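# Commentary on secondary and tertiary structure
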Amino acid sequence: MKKQISAKSCVAPSPRIGRPARISLEEIARVTLKIGLDDVTMIAVGQALGVDHSSLYRYVKGRNELLLAAADLAITELDWRGNPADWYEFAQNVASSAWELFNRHPGLADAMRELEVSPPSGIRAFGEMANQFVEYGFSAEEAVVLIDSMMDMTVDYFTGWRRAYKKPGRIGERGIEKVVQSWQAEAARNPDTARPILIMSRMMTDHPKDWWDKKLLLILDGAQAVFNRRQQIYEAAE
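Please read these numbers as outputs of a predicted model, since none were measured by experiment. (Residues numbered from 1 in each chain as written. Predicted model: local features only at pLDDT ≥ 70, side-chain atom pairs only at ≥ 80, totals over all residues. Heavy atoms only, no water.)

This part covers the overall build of the chain. For the chain, the helix and strand inventory stands at eleven helices and zero strands. Ordered by position from N to C terminus, the α and β elements of the chain give α-α-α-α-α-α-α-α-α-α-α. Long-range contacts, defined as pairs at least 24 residues apart, comprise 67% of the intrachain contacts of the chain with a sequence gap of at least 6. (Helix = DSSP H or I, 4+ residues; strand = E, 2+ residues; numbered from the N terminus. Contact = heavy atoms within 4.5 Å.)

Below, the structure written as structure tokens:
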């Protein structure tokens, strides 16, 4: 006796109805910034977006490109222009914006040092900043040196500060106390050089923004001397 097969059983199972998750490079970058650049992984970003991490490879090839996309977005959204009255205020705006950028996104300064290429938005911003300084009266080369000095100092400060105080497995707070004590002990043994040594040891325990402000002031004072000299050249040529 043949087994009867119902028409219902011959119907192929209907495919699962649902709209596949849609993601974009901007969403990936934004989630990366939200997670934090120190320990972000492709898997973590995929989970946050509700997709398998393999889907991300359509947009980024790996962690380095993940960091690059995040850095590019962070710089794109950075408000560094302001409404300055002169070049000095403009320079302060640029430098302060860079500080806030790295302070808002821990690990970004380290990523900027590790990336093989620069974020496109950072390159564009650099060019626009330089052109603005030229408008104020600097030469193009002077503008580039000034911007590079401010940015280099800020990136180095954040990477060094975090390496010493914030990152697990690094020096840490107790370790930095030992470093300070070694400087103070050396100052006690060398009275002739004690003053600058003690100033440096104090800097290690100051709030990092206070010492960064002092370094920025020194850079801008140097730029002021360059600016004044160029203005004198312009006036003499008239």
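Summary statistics for the chain give a mean pLDDT of 87 and a share of 86% for residues scoring 70 or more. Contacts of residues 1-20 to residues separated by more than four positions or lying in other chains number one contact, the stretch itself having pLDDT below 50. (pLDDT = per-residue confidence, 0-100.)

The next thing to look at is the packing of helix 5 (residues 87-104) against helix 7 (residues 120-136). Relative to each other, helix 5 and helix 7 sit at 165°, their axes nearing to 10 Å. In this view, helix 5 runs roughly antiparallel relative to helix 7, as classed from their interaxial angle. In terms of crossing hand, the pair formed by helix 5 and helix 7 is left-handed. Counting all contacts with helix 5, which are made through Trp87, Phe90, Ala91 and Val94, the residues of helix 7 involved are Met129, Gln132, Phe133 and Tyr136. For the contact of helix 5 with helix 7, the class distribution of residues is seven nonpolar, one polar and no charged. (Axes fitted to C-alpha atoms, helices over the stretch in contact; angles between N-to-C directions. Parallel < 35°, antiparallel > 145°, perpendicular 65-115°, else oblique. Left-handed = near helix turned anticlockwise from the far one by under 90°. Nonpolar A, V, L, I, M, F, W, Y, C, P; charged D, E, K, R; others polar.)

Turning to helix 2 (residues 25-35), its buried residues are Ile28, Ala29, Val31, Thr32 and Leu33. Contacts from the buried residues of helix 2 go to helix 3 (42-49) and helix 4 (63-76). Trailing helix 2 by a residue or two, glycine 36 shows a phi angle of about 110°, which is positive. (Buried < 20%, exposed > 50% of the residue type's maximum accessible area, 1.4 Å probe, protein only.)

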